[in-house]
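Coordinates in review
As a plain string of letters, each chain reads:
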Amino acid sequence: MDFTLSIQQKQIRRMARQFAKAELALIAKEIDEEARFPWEVVEKMGPLNFFGMQAPRKYGGAEMDSISYCLVIEEISGVCAAMGLTIAVHNSVVVYPLSQFGNEEQKATYLPSLAAGEKIGAFCLTEPNAGSDAMAIESTAVREGDSYIVNANKIFVTNGGVADTLILFVSVNPDDVKKGFSAILVERGTPGFEVGLLENSCGVRANPVSSIVLTDCRVPKANLLGREGDGFKIAMAGLDTGRIGIAAQAMGISQAALDASLKYAKERIQFRVPLARHQAIQMMLADMGTMVEASRLLTLQAAHIRDQGGNSPGLQQWPSSLQPAPLQKCHRWVYKSMEVMDIPKTTRLSDIFEMPG
Amino acid sequence: MNMNIIVCIKQVIAGDRVKIDPLTQSLVRSAEFSHINPFDLFALDLAVQLKRETSSTLTAVTMGPPISEEVLWEALAIGADRAILLSDPRFATSDTLATSYVLGMGIRKIGKFDLVLCGMRTTDSDTAQVGPQLAEELDIPHVTGVERMEKKEGVFWIERTSDGFREVLQVPAPALLVISPRTEVRFPSLVDIQDAFTQSTIEYWNLEDLNADPMKVGRDGSATWVEALLPLTQQKSCVFLEGEPRQQAKLLFLKLIERNLFS
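Residues numbered from 1 in each chain as written. Chains lettered and ligands numbered in written order. Predicted model: local features only at pLDDT ≥ 70, side-chain atom pairs only at ≥ 80, totals over all residues.

**A few points about the interface of chain A and chain B**
Listed as interface residues are 14 residues of chain A and, on the opposing side, 13 residues of chain B. Tallied by class, the residues present in the side of chain A that touches chain B amount to nine nonpolar, four polar and one charged. (Contact = placed C-beta atoms within 7 Å. Nonpolar A, V, L, I, M, F, W, Y, C, P; charged D, E, K, R; others polar.)

Rendered as structure tokens:
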């Protein structure tokens, strides 16, 4: 078993790290406070393929392996969790299902602009009465000629406030949601499409998580992804991939918390020595380090299994649910240190994304 | 106007990871904590720009142990067409003179070239000598501190800042230019990085490949050598200035004057 990253993967990680440091580090705190989506950074990320990491080359993607994909999300998230979230969701639950289940025309229409970051993607599943119980959705799409008339109320839509291309889960059969559960591509600006209120998501406020409301919205039948009734399969395929990205995001946030704690422990003097010289603190740091490293191994293993064609939902769940542990320890110490306040704020963040709950 | 451009790069140790081998008195290099010398990125960036404007060929060269391969992959991702690693255990502990000799032999083996670009200095040894020494070794003209350049009618027009003046210089090809740091470098895209690995290889050249004189490389070929390398311990102390902001500013100003930090 060889756990070393290839030179190529290390180069990819280095590029993402340097990019995050140069373009996001200085504004991460500000955009979180202002709840501002940093379009100026997105414009620079597009040509570097951050928005089409695993999309086919044919459509402008980088067709990268899943380990490289995780490394990029980890590096971006460690500096700016909100942008880590943006690219994780865009790539895994929009670009991936579209590449996998879209027909040639849909791929040619939507993938190039999504992969270039010119358009942002969103995944709309959750509703006020449906989350983990996806079959409880109340959104409908009723056939009328060559169109569907869509009525939907979707909540907690990551990227919602800025998304142009959305995969929306609806039922085409009001009598049997399970049979009618379908995925449909909707474009922002379609009459009847409305972005609702933005969520005030702690620590990732720069990502406009919002509700999306469609009222008698006419969507061409050609926008159906897969066939009628394929929705659940598409949603699950997206989420299986998505969870690896979210685990990688958790990894980035945890590593950043560990780095901040380590820095603080070396700087802060108590009892005439730096905190790091106290054994109790050393033990905490060692625990945090162990947890972060264990999370990384699980996440990358899940990514590896995915590239081999398998699926391993248990593996990526652990890093996400574990993430609060190092963060809470970090929080305890750096509570008053303004410099690192951004990081602890994201406590429990990745714990809830795309997870059963 | 196709040119053959050569960029010399170096793998350096990340600033906060410098460790000294107590036996050899040399820096300990590991792949994990090493990266391309940031000053070389400016040379590489300019070279890529020039290559694209003039449909030229760009070759990246480095001398170092096998792990230096990583910086060559980075150069390929940024836009180099060819990457050559000059590597031989006998090159170890070369000073700047011996390094320039090895680089010079490597460049001679590459063959015809129009332009050699170097970074201003390295972050781990900081001599800024290799560029000019390499030009001497190759017996070609060189200009340091280059900020802008273009090729017109077979001649390079160079701009640089010198003692508050803007100097415009002309230099015939082939020439060596030492590039001044600029504000921004471009990042390679994820596709560029992938393509570097699928479309290129790294060429390894050792002492014999270069047909180099063993007495001119390593310790034997060096005119200087490191007797001791000692880590510096920096004493930091913190002083709080009391009073109203205006008063604090005045106190700060006086302290700076006191330490000759204002002239």
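**Observations regarding the nonpolar core**
Among the nonpolar cores identified, the biggest contains 167 residues, and Ile 184 of chain A together with Val 7, Ala 75, Val 102, Leu 117 and Leu 177 of chain B are the most heavily contacted of them. Element by element, the count of residues in this core is highest for helix H8 (residues 231-267) of chain A, at 14 residues. With residues near it in sequence (within four places) discarded, Ala 75 of chain B still touches Val 7, Ile 9, Leu 44, Ala 60, Ala 80 and Ala 83 of chain B. (Core = buried A, V, L, I, M, F, W, Y, C linked by C-beta atoms within 7 Å. Buried ≥ 20, exposed ≤ 12 C-beta atoms within 10 Å, placed from the backbone. Helix = DSSP H or I, 4+ residues; strand = E, 2+ residues; numbered from the N terminus.)

**Digging into the pairing of strand E7 (residues 210-220) of chain A**
Residues and elements named next belong to chain A. Pairing analysis gives eight bridges linking strand E3 (residues 147-157) to E7, with the strands arranged antiparallel. In the sheet register, Val 150 faces E7, and the bridge partner there is Cys 217. Sheet analysis places strand E6 (residues 193-198) next to E7, joined by four bridges and oriented antiparallel. Bridge pairing in E7 places Phe 193 opposite Leu 214. (Pairing = 2+ DSSP bridges.)

**A word on helix H1 (residues 7-24) of chain A**
Helix length check: H1 of chain A, at 18 residues, gives a terminal C-alpha distance of 25 Å against a target of 26 Å (1.5 Å per residue), a fit within 8%. Those residues of H1 of chain A lying buried are Gln 9, Gln 11, Ile 12, Arg 14, Met 15, Ala 16, Phe 19, Ala 20, Glu 23 and Leu 24 of chain A. (Expected span 1.5 Å × (residues − 1).)

**Some thoughts on the confidence of the model for chain A**
Counting all residues, the mean pLDDT for chain A is 87, and 87% of those residues have values of 70 or more. Of the regions scoring below 50 in pLDDT, residues 333-353 of chain A engages in 49 contacts with residues more than four places distant in sequence or in other chains. (pLDDT = per-residue confidence, 0-100.)

**Here we look at unusual backbone geometry**
Residue Pro 174 of chain B is reached from Ala 173 of chain B by a cis peptide bond, and omega for that bond is -5°. Following the sequence through the fold, Pro 174 of chain B ends up in the loop between strand E9 (165-172) and strand E10 (175-179). Although it is not a glycine, Asp 216 of chain A sits at a positive phi angle of roughly 45°. By the element assignment, Asp 216 of chain A lies in strand E7. We classify Asp 216 of chain A as exposed; it has 10 C-beta atoms within 10 Å.

**A short note on the sheet that holds strand E8 (residues 155-162) of chain B**
Residue and element names in this part refer to chain B. Here nine strands make up an open sheet; going across it, the order is E9-E8-E7-E10-E6-E1-E4-E5-E11 and the pairing mixed. The open sheet is flanked by E9 and strand E11 (202-205), the only strands paired with a single partner. Neighbour-to-neighbour, the strand axes of the sheet open up by a mean angle of 30°, direction not taken into account. Where strand E4 (residues 57-63) and strand E5 (residues 82-86) come together, five bridges link them in parallel fashion. Bridge pairing in E5 links Val 61 to Ile 84. Where helix H1 (residues 38-54) meets the sheet, its contacts fall on strand E1 (4-8), E4, strand E6 (115-119), strand E7 (142-152) and E10, and the angle it forms with E6 comes to roughly 150°. Of the strands in this sheet, E1, E4, E5 and E11 touch helix H2 (residues 69-78), which is tilted by about 165° from E5. (Axes fitted to C-alpha atoms, helices over the stretch in contact; angles between N-to-C directions.)

**Some details on the pairing of E8 of chain B**
All names here are of chain B. Where E7 lies against E8, six bridges are found, and the strand directions are antiparallel. Across the sheet, Met 149 pairs through a bridge with Ile 158, a residue of E8. Connecting E7 to the next strand, E8, in antiparallel fashion are two residues, including Glu 153 with a positive phi near 45°. Where E8 lies against E9, eight bridges are found, and the strand directions are antiparallel. The residue bridging Trp 157 from the neighbouring strand is Gln 170, located in E9.

**Remarks on the packing of helix H3 (residues 96-110) of chain B against helix H4 (residues 130-138) of chain B**
All names here are of chain B. It is the contact of H3 with H4, at a shortest axis distance of 8 Å, that shows an interaxial angle of 50°. Taken together, the axes of H3 and H4 are oblique relative to one another. In this structure, H3 crosses over H4, and the sense of that crossing is right-handed. Residues Thr 96, Leu 97, Thr 99, Ser 100, Tyr 101, Leu 103, Gly 104 and Ile 107 of H3 form the contact with H4, whose participating residues are Val 130, Gln 133, Leu 134, Glu 137 and Leu 138. Per-class residue counts for the contact of H3 with H4 are seven nonpolar, five polar and one charged. (Parallel < 35°, antiparallel > 145°, perpendicular 65-115°, else oblique. Left-handed = near helix turned anticlockwise from the far one by under 90°.)

**A closer look at H3 of chain B**
All names here are of chain B. Here H3 spans 21 Å end to end across 15 residues, near enough to the 21 Å set by a 1.5 Å rise per residue. In terms of burial, H3 is a largely internal element, eleven of the 15 residues being buried. If you check which residues of H3 are buried, you get Thr 96, Ala 98, Thr 99, Ser 100, Tyr 101, Val 102, Leu 103, Gly 104, Met 105, Gly 106 and Ile 107.

**A look at the packing of helix H4 (residues 66-79) of chain A against helix H5 (residues 81-101) of chain A**
All names here are of chain A. Between H4 and H5, the least distance of the axes is 5 Å, while the angle of their chain directions is 150°. Overall, the two elements H4 and H5 adopt an arrangement that is roughly antiparallel. Across the interface between the two elements, Ile 73, Ile 76 and Ser 77 from H4 touch Ala 81, Met 83, Gly 84, Ile 87 and Ala 88 from H5. Taken together, the residues of the contact of H4 with H5 sort by class into six nonpolar, two polar and no charged.

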